Amino acid sequence: MGEHSHPNSESVVRANHEILASVTGSFDGAQQAALHHYSKSFRGFSAMLTPEQAQQLAEKDSVVSVFQSKMNKLHTTHSWEFLGIDSTHQYNQMPMVSNSNIIVGVIDTGIWPESKSFNDKGLGPVPKKFKGECVTGDYFGLANCNRKIIGARFYSKGFEAESGPLESFNLPFFRDGVDILSLSLGPYPPQPSYFEDAISIGSFHAFQRGILVSASAGNSGFPRTATNVAPWILTVAASTVDREFNSVIYLGNSKVLKGFSLNPIMMETSYGLIAGSAAAAPGVTTKNASFCKNNTLDQTLVKGKIVVCTIETFTDNRREKSIFLRDAGAVGMILIDPAVKDSGFQFVIPFILIGQEETEELQAYMISEKNPVGKILPTVTVLNTKPAPEVAVFSSMGPNIITPDIIKPDITGPGLNILAAWSPVATTATAERSVNYNIISGTSMSCPHVSAVAAILKSYQPSWSPAAIMSAIMTTAMVLDNTQHAIGRDPNGTPTTPFDYGSGHINPIGALNPGLIYDFNSHDIINFLCSTGASPAQLKNLTGELVHCQNPPTPSYNFNYPSIGVANMNGSLSLYRTVTYYGKDPTVYVASIDYPIGVKVKVTPAKLKFTKIREKISFRVDFIPFKNSNGSFVFGSLTWSNGIHRVRSPIGLNVVSV
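Numbers given for residues are sequential positions, taken from 1 along each chain in its written order. Residue-level local features of this predicted model are given only where pLDDT is at least 70; pairs of side-chain atoms are given and counted only at 80 or more, and the full residue set underlies all totals for whole chains, interfaces and linings. In computing side-chain properties, one takes all heavy atoms of the structure into account and sets aside hydrogens as well as water.

Trainee: Can you break down the overall build of the chain residue by residue, with the values?
Mentor: Under the DSSP-based scheme used, a helix requires at least four consecutive residues in state H or I and a strand at least two consecutive residues in state E, with every element numbered from the N terminus. When helices and strands are counted, the chain shows 17 helices and 28 strands. Whereas a compact globule of 658 residues would reach a radius of gyration of roughly 26 Å, the chain reaches 27 Å, a difference of no more than 12%. With the C-alpha coordinates of the chain rotated into their principal frame, the extents come out at 80 × 70 × 55 Å. The buried label applies to any residue whose accessible area, calculated with a 1.4 Å probe on protein chains only, is under 20% of its type's maximum; exposed applies above 50%, and partly exposed to all values in between. When the 658 residues of the chain are sorted by exposure, 54% land in the buried category. Surface accessibility in these figures is a Shrake-Rupley result with a 1.4 Å probe; residues are shielded only by whichever protein chains are displayed. Split by element, the accessible area of the chain, about 29000 Å² in all, is 52% carbon and sulfur. Atoms counted for the radius of gyration: C-alpha only. Globule rule: 2.2 Å times the number of residues to the power 0.38.

Here you go:
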């Protein structure tokens, strides 16, 4: 319902009940239907309504927008060392102090405050600007908040009423004083329009108030599945670090096969090997038995054996397989799973994931040996592995299906096999073992890494806008792995594009001093949305205000984003960008181009001469295509360098005609 002039929250609630009563038929009915009231940064409410009642509300003049609440999906150490974050003070980039004034808001499924990860030792006092509170709940009291967990809230009414407003933030962060908002969740792909998606709408209001929103891109692993793709959100993909959790299988012929697992159990002796396909229960096909699902295996054949299983689909529940095998009497599992062989899973019996090469060796041995045996060893951690990083196999990919001129995701960060605090009573995902830390994979893991880097930047440059922080992170990202080759995609190092990793892998040290910044504000965002055909009603849904587009609109490709995308290029095209200089001394930046296939590129001027900090200079980029891209994007980059800083922007072009 937009901004309001009510004197207090009670007044807002009363007004909300009145407008609800107009569609429910009574004030009592309105009170029963209402779940949450939003009264701080804007006026609104969530309620259980019929489609007809929702439509009646939407038709009222005082209502900005009505949309259905939807379930959002969770996108769930050594990584900081891999990023070089422990060495930032060695570069004298920023003072190491304990009185930081930066507050990070995190939206997730919960927290285990007793974890040592949330110890506040060495931290300064709670920032005076913090206006939030520590809301108590079951087994969570005021004592669970400290100088690290400075506030906490929970929302469950909507979930209890079939997943109601959990997604809507209630926007308490605006008044709590947060600087960075980290969201390890998002809509199921395909993402709905920005104007119908609560995360997009809420994050736009955060952007307007100077809060950077960093959000996970999703774990769907296929093209066109990236979510949280609004240009005012920093969208985070997931990649590997230079660490592996290795395990091996000793075969009866003395061969050793390498695999991956999180297996703490030592097998004291070797056990017989049997393929799931060779142990089918009566009435089950060999193919179905190979997947080792419930009630598909003959218990008399698998009892006391290590069972070799395969994957039916990418989304198979791998942990379930080990439970079914344990219940059937099996003592171990070998899972043929080349796609996610690097991922760390925990299982209730000794277990190992193997790839295609190891599978061929194993099968050859099992065919040649009448009584094949094997022994699975516990996991060993291996550091400094190469190549790294690689984009994780599950990380959702672009292009951006809503506004394809905006390359998404924006950045990638550590998200595979990340050590994270864990509740010791949540044993389902930890093979029924009570642990204080767990190894987790997902863009829900990479997102907090990027959010933390953004918080460091904000503490170093408190006046920077969310867009400036996005720019610093994106333009300093790395596109080479630790073998100095282009970043590939796990598990086989297949070639990647900006639709896999955005601008590249996050580089915290570089981001602290980017040299040049591509900045934009909410007015620029509105102009961009106007150029994509947004209607006044849609813009009102987003902003809460009646907005009129300028005529003619600014072309969408002129939006001052740190990456450069043109989704439908018909012949030659010129676009513009503006950079802001952040340095002490006069300097000259020179442009260099990595040319997209089939396109000539010219930058004017080719040199940018800066004399003072915060000086702005605009430049033009001319694209002259000489070859169609046949319905797909071609990629390149523009890099500005002064010999010290390299400010890189990926280029993605879909050349429709020349």
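Trainee: Could you give an account of the sheet that holds strand β26 (residues 616-625), naming the residues involved and the relevant values?
Mentor: At least two bridges found by DSSP between two strands are what make those strands a pair. On the basis of which strands lie adjacent, the open sheet formed by 4 strands has the order β20-β22-β26-β24 and antiparallel pairing. Every other strand in the sheet has two partners, leaving β20 (516-517) and β24 (599-604) as the edge strands with one partner each. Two strands pair when backbone bridges link them, and strand β22 (residues 573-581) and β26 are joined in this way by 8 bridges, in the antiparallel orientation. Bridging across to β26, R577 finds its partner in F619.

Trainee: For unusual backbone geometry, give the residues involved together with the corresponding values.
Mentor: P190 follows P189 through a cis peptide bond whose omega is 0°. The omega angle of the peptide bond from N551 to P552 is 0°, so this bond is cis rather than trans. Phi is positive for Y139, close to 60°, though the residue is something other than glycine. Along the polypeptide, Y139 turns up in the loop between β4 (104-107) and α5 (157-160). Backbone geometry places N228, a non-glycine residue, at a positive phi of 55°. With respect to the helices and strands, the residue N228 is situated in the loop between β7 (212-216) and β8 (233-239).

Trainee: Explain the state of the cysteines to me, and be specific about the residues and the numbers.
Mentor: By convention in this document, the label disulfide applies to cysteine sulfur atom pairs within 2.5 Å. For the structure on display, the rule yields 3 disulfides. Across the disulfide from C134 sits C145; the S-S distance is 2.0 Å. Between C134 and C145, the disulfide has an S-S torsion of 85° and is therefore right-handed. One end of the pair, C134, is in the loop between β4 and α5; the other, C145, is in the loop between β4 and α5, and 11 residues separate them in sequence. The partner cysteine of C530 in its disulfide is C549, sulfur to sulfur 2.0 Å. What sets the handedness of the C530 and C549 disulfide is the S-S torsion sign, and at about -80° it is left-handed. Of the two residues, C530 sits in helix α16 (residues 522-531) while C549 sits in the loop between α17 (536-543) and β21 (564-570), which places them 19 residues apart along the sequence. Within the chain, bonded cysteines paired by disulfides and numbered along the sequence follow the pattern 1-2, 3-4, 5-6.

Trainee: Any details on the packing of helix α7 (residues 198-208) against α16? Residues and values, ideally.
Mentor: In the contact formed by α7 and α16, the axes pass within 10 Å of each other and the chain directions differ by 140°. Classified by the angle between their axes, α7 and α16 sit oblique to one another. Listed contacts from α16 to F204, F207 and Q208 of α7 are S522, I525 and I526. Per-class residue counts for the contact of α7 with α16 are 4 nonpolar, 2 polar and no charged. Only C-alpha atoms enter the line fits that serve as axes; for helices the fit covers just the stretch in contact. Angles between N-to-C directions range over 0 to 180 degrees. Any angle from 65 to 115 degrees is called roughly perpendicular, while one under 35 is roughly parallel, one over 145 is roughly antiparallel, and all others are oblique. In this analysis, two residues are considered to be in contact whenever any of their non-hydrogen atoms come within 4.5 Å of each other. Gly falls in the polar group here, along with every residue not listed as nonpolar (Ala, Val, Leu, Ile, Met, Phe, Trp, Tyr, Cys, Pro) or charged (Asp, Glu, Lys, Arg).

Trainee: If you had to explain the packing of aromatic side chains to someone new, which residues and values would you point to?
Mentor: In this scheme Phe, Tyr and Trp rings, the latter by its six-membered ring, pair at centre separations within 6.5 Å, and the angle between planes marks the pair as stacked below 30 degrees, edge-to-face above 60, and tilted otherwise. According to the stated counting rule, one finds 17 aromatic pairs in the structure shown. Ring centres 5.2 Å apart and planes at 70° place the aromatic pair W464 and Y582 in the edge-to-face group. Of the two residues, W464 sits in the loop between α12 (443-460) and α13 (466-475) while Y582 sits in the loop between β22 and β23 (587-594), which places them 118 residues apart along the sequence. For the residue pair W464 and Y582, the accessibility class agrees, reading buried in each case. Measuring from ring centre to ring centre gives 4.8 Å for F520 and F559, while their planes differ by 55°; the resulting arrangement is tilted. Here F559 lies in the loop between α17 and β21 and F520 lies in the loop between β20 and α16, a separation of 39 residues in the sequence. By relative accessible area, which is 3% here, F520 ends up buried. Joined through ring pairs, the aromatic side chains of F207, F520, F528, F559 and Y561 make up one cluster.

Trainee: An account of the packing of α16 against α17 is needed here, citing residue identities and associated values.
Mentor: Put simply, α16 and α17 touch, their axes get as near as 11 Å, and they point 150° apart. By the angle between their axes, α16 is roughly antiparallel relative to α17. Note on packing geometry: the crossing formed by α16 with α17 is right-handed. Residue-level inspection shows I526, L529 and C530 of α16 in contact with α17, the latter providing L539, L542 and T543. Partitioned by chemical class, the residues of the contact of α16 with α17 number 5 nonpolar, 1 polar and no charged. Two helices cross in a left-handed way if the nearer one is turned anticlockwise from the farther one by less than a right angle. They cross in a right-handed way if the turn is clockwise.

Trainee: Before we move on, could you go through α12 and cite the residues and values that matter?
Mentor: In an α-helix, one turn spans 3.6 residues, which is why side chains three or four residues apart end up on the same side. Between the first and last C-alpha of α12 there are 26 Å, a value that for 18 residues agrees with the 26 Å anticipated at 1.5 Å per step. For α12, a buried count of 13 out of 18 residues is recorded, marking the element as mostly surrounded by other parts of the structure. The span one expects for a helix is its residue count, reduced by one, times 1.5 Å.

Trainee: Got a sec to walk through the nonpolar core? Specific residues and values, please.
Mentor: Counting 62 residues, the largest nonpolar core has W232, I473 and L529 as the members making the most contacts within it. Those elements giving two or more residues to this core turn out to be β5 (180-183), α7, β7, β8, α12, α13, α16 and α17. Broken down by element, this core gets its largest block of residues, 7 residues, from α13. For L529, the residues in contact, after removing those within four places along its chain, are Y194, F195, W232, A534, L539 and L542. In this description, a nonpolar core means a group of buried Ala, Val, Leu, Ile, Met, Phe, Trp, Tyr and Cys residues linked to one another through side-chain atoms lying within 4.5 Å. Residues V566, V599, V634 and L638 belong to the second largest nonpolar core, which totals 26 residues.

Trainee: Describe the sheet that holds β7, and please don't skip the residues or the numbers.
Mentor: Taken in spatial order, the 5 strands of this open sheet run β4-β5-β7-β8-β17, and their pairing is parallel. Each end of this open sheet is capped by a strand with a single partner; those strands are β4 and β17 (411-414). Neighbour-to-neighbour, the strand axes of this sheet turn through a mean angle of 30°, independent of strand direction. Each of β7, β8 and β17 is contacted by α13, which is oriented at about 30° to β8, the strand it contacts most.

Trainee: How would you sum up helix α3 (residues 51-58)? Please name residues and give values.
Mentor: For α3, the complete set of buried residues consists of Q53, A54 and L57. Seen end-on, α3 carries its buried residues on one side only, within an arc spanning 100°. The exposed set on the far side of α3, more than 90 degrees from its buried face, consists of P51 and E52. Buried residues along α3 sit against α1 (9-24) and β2 (44-47). Each direction from the helix axis to a C-beta atom contributes to the arc, which is the arc of those directions.

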